[in-house]
Amino acid sequence: MTRVVILGLIGAGKGTQAVRVAEERDIVHISTGDMFRAAATAGTELGLRARGYMERGELVPDQVTIDMLLERISEPDAEGGFILDGFPRTGGQAEALERALAERGLGVDVVTRIEVPQEVLLDRIAKRADLEGRTDDRPEVAAERLRVQRTGIEDVARFYGARGVLVVVDGVGSVDEVAARLSEALDRVSPRVETA
Ligand code: ADP
């Protein structure tokens, strides 16, 4: 299992779980949200472009996001595998990833979708806003992110569902419980044979 995508709405816990999966399986954790936040903090051109979208809870335009992500997965540390957290978020991003990997004879091995009911999500987001003070966790912005993400996640799930690599994991419970379910789901999938 070397190339994993983790899907989940905000508050589904995908970031936390992605970090654990990366450690357990010795693959790199790549979060587009973290990359954009780091760029914004560093004040790079990319960061300045992304900031406005992030503050409004909108998606950063596909081309900007796709270029950044494809560059990242081409770095040497990603050769041994990666878990993508926050990407792809649109059908266009999923297609771009597929094309880029296919050029190297590779593909995504498994896509795990962490499912959590709306009321649990809203509760977790409110708590995170208090704890971490992320400005985009403010209720109005979080609501917009949820709305935007719902559409995207359905497109992305359909894309991978059609390719037979989608696995749904119940995200209700403690971090350890969800991690155990996720780990089991990943163990059930056999790594795809590399053609390159
Ligand atoms: P969350 O999943 O909690 O919304 P992320 O940290 O994944 O948070 O993303 C934060 C913000 O970064 C998003 O609201 C969006 O503006 C931007 N972003 C992250 N990933 C993508 C992506 N794949 N496509 C477009 N924008 C993205």
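What you are looking at is a predicted structure, and each value in this text was computed from that prediction instead of being measured.

**Student:** Now, about the pairing of strand β5 (residues 166-170): what can you tell me, with residues and values included?
**Tutor:** Successive side chains on a regular strand alternate, one facing one side of the sheet and the next facing the other. Side chains of β5 alternate between two faces, with Val 167 and Val 169 buried and Leu 166, Val 168 and Asp 170 left unburied. Judged from the 5 bridges that link them, strand β4 (residues 110-115) and β5 form a sheet pairing that is parallel. Looking across to β5, one finds that Thr 112 is bridged to Val 167.

**Student:** Go over the site of the ligand with me, naming the residues and quoting the values.
**Tutor:** Close contacts around the ligand come from 20 residues, with Ile 10, Glu 58, Arg 89, Arg 145 and Gln 149 the closest. A distance of 2.6 Å separates an oxygen atom of the ligand from a polar backbone atom of Glu 58. At a separation of 3.2 Å, an oxygen atom of the ligand approaches a polar side-chain atom of Arg 128. By residue class, the composition of the shell around the ligand is 6 nonpolar, 6 polar and 8 charged.

**Student:** Pulling in residues and values, what's your account of the nonpolar core?
**Tutor:** Judged by nonpolar contacts, the single largest core of 47 residues is most densely connected at Val 5, Ile 73, Phe 82, Ile 83, Leu 84, Leu 97 and Tyr 160. In terms of residue count, helix α7 (residues 139-162) provides more of this core than any other element does, 7 residues in total. Setting aside residues no more than four positions away along its own chain, Leu 97 makes contact with Val 5, Leu 69, Leu 70, Ile 73, Leu 84, Phe 87, Pro 88, Val 108 and Tyr 160. Core analysis: the next-biggest nonpolar cluster, separate from the first, contains 6 residues, Ala 50, Met 54, Val 60 and Val 64 among them.

**Student:** Tell me about empty space enclosed by the protein, residues and numbers included.
**Tutor:** For the structure shown, the criterion picks out 2 cavities of 30 Å³ or more. Space inside the largest cavity adds up to approximately 100 Å³. Every residue along the wall of the largest cavity is listed here: Ile 6, Leu 7, Gly 8, Lys 14, Gly 86, Phe 87, Pro 88, Arg 89, Gln 149, Gly 152, Ile 153 and Val 156. Going through the elements one at a time, β1 (3-7) and α7 are the ones with two or more residues in the lining of the largest cavity. The element best represented in the lining of the largest cavity is α7, accounting for 4 residues. Here the lining of the largest cavity is composed, by residue class, of 6 nonpolar, 4 polar and 2 charged. Along the walls of the second largest cavity sit Gln 17, Arg 20, Val 21, Glu 24, Arg 25, Ala 179, Leu 182, Ser 183 and Leu 186, which together make up its complete lining. Counting only elements with at least two residues in the lining of the second largest cavity, the list comes to α1 (14-25) and α8 (175-188). Here the lining of the second largest cavity is built from residues that sort into 4 nonpolar, 2 polar and 3 charged.

**Student:** Break down the packing of aromatic side chains for me, citing the residues and quoting the values.
**Tutor:** A full pass over the atoms with the stated rule returns 1 aromatic pair. Taking 5.1 Å as the distance between ring centres and 85° as the angle between the ring planes, the aromatic pair formed by Phe 159 and Tyr 160 counts as edge-to-face. Take Phe 159 and Tyr 160: they sit in the same class, and that class is buried. In this structure, Arg 56 packs its charged tip against the face of Tyr 53, placed 5.4 Å from the ring centre. Of note, Arg 163 hangs over the ring of Phe 159, and the distance from its end group to the ring centre comes to 3.6 Å.

**Student:** Now, about the packing of α1 against α8: what can you tell me, with residues and values included?
**Tutor:** α8 packs onto α1 with a crossing angle of 50° between their chain directions and a minimal axis gap of 10 Å. What the angle tells us is that α1 and α8 run oblique. Judged by the sense of rotation from one axis to the other, the crossing of α1 with α8 is right-handed. For the pair α1 and α8, contact is made by Thr 16, Gln 17, Arg 20, Val 21, Glu 24 and Arg 25 and by Val 175, Asp 176, Val 178, Ala 179, Leu 182, Ser 183, Leu 186 and Asp 187, respectively.

**Student:** Explain the side chain of Thr 32 to me, using residue names and the numbers behind them.
**Tutor:** Within the secondary structure layout, Thr 32 lies in helix α2 (residues 32-42). Side-chain polar atoms of Thr 32 contact the backbone oxygen of Gly 86, separated by 2.9 Å. Ignoring sequence-local partners within four residues, the contact set of Thr 32 consists of Thr 65, Met 68, Leu 69, Asp 85, Gly 86 and Phe 87.

**Student:** Requested: an account of the pattern of salt bridges, with residues and values cited.
**Tutor:** Where side chains of opposite charge bring their charged atoms close, a pairing between them can arise. A full pass over the atoms with the stated rule returns 19 salt bridges. Put simply, Glu 75 and Arg 72 hold a salt bridge, and the shortest N to O gap is 3.2 Å. Two residues, Asp 170 and Arg 181, come together in a salt bridge whose shortest N-O distance is 3.8 Å. Note that Asp 170 is positioned in strand β5 and Arg 181 in helix α8, a separation of 11 residues in sequence. You can call Asp 170 partly exposed: its relative accessible area is 40%.

Calculation rules
Residues numbered from 1 in each chain as written. Predicted model: local features only at pLDDT ≥ 70, side-chain atom pairs only at ≥ 80, totals over all residues. Heavy atoms only, no water. Buried < 20%, exposed > 50% of the residue type's maximum accessible area, 1.4 Å probe, protein only. Helix = DSSP H or I, 4+ residues; strand = E, 2+ residues; numbered from the N terminus. Pairing = 2+ DSSP bridges. Near = heavy atom within 4 Å. Polar contact = N/O pair within 3.5 Å; in protein donor to acceptor, adjacent residues only side chain to side chain. Nonpolar A, V, L, I, M, F, W, Y, C, P; charged D, E, K, R; others polar. Core = buried A, V, L, I, M, F, W, Y, C linked by side-chain atoms within 4.5 Å. Contact = heavy atoms within 4.5 Å. 1 Å grid on protein atoms, 1.4 Å probe; cavity = no way out; pocket = protein on both sides within 12 Å on 5 of 7 lines; lining within 4 Å. Points joined across faces, edges and corners; volume = space filled by probe spheres on them. Phe/Tyr/Trp six-rings, centres within 6.5 Å; stacked < 30°, edge-to-face > 60°. Lys NZ or Arg CZ within 6 Å of the ring centre and 35° of its normal. Axes fitted to C-alpha atoms, helices over the stretch in contact; angles between N-to-C directions. Parallel < 35°, antiparallel > 145°, perpendicular 65-115°, else oblique. Left-handed = near helix turned anticlockwise from the far one by under 90°. Salt bridge = Lys/Arg side-chain N within 4 Å of Asp/Glu carboxyl O.

Fair warning: the whole summary comes from geometry, so function is off the table for now.
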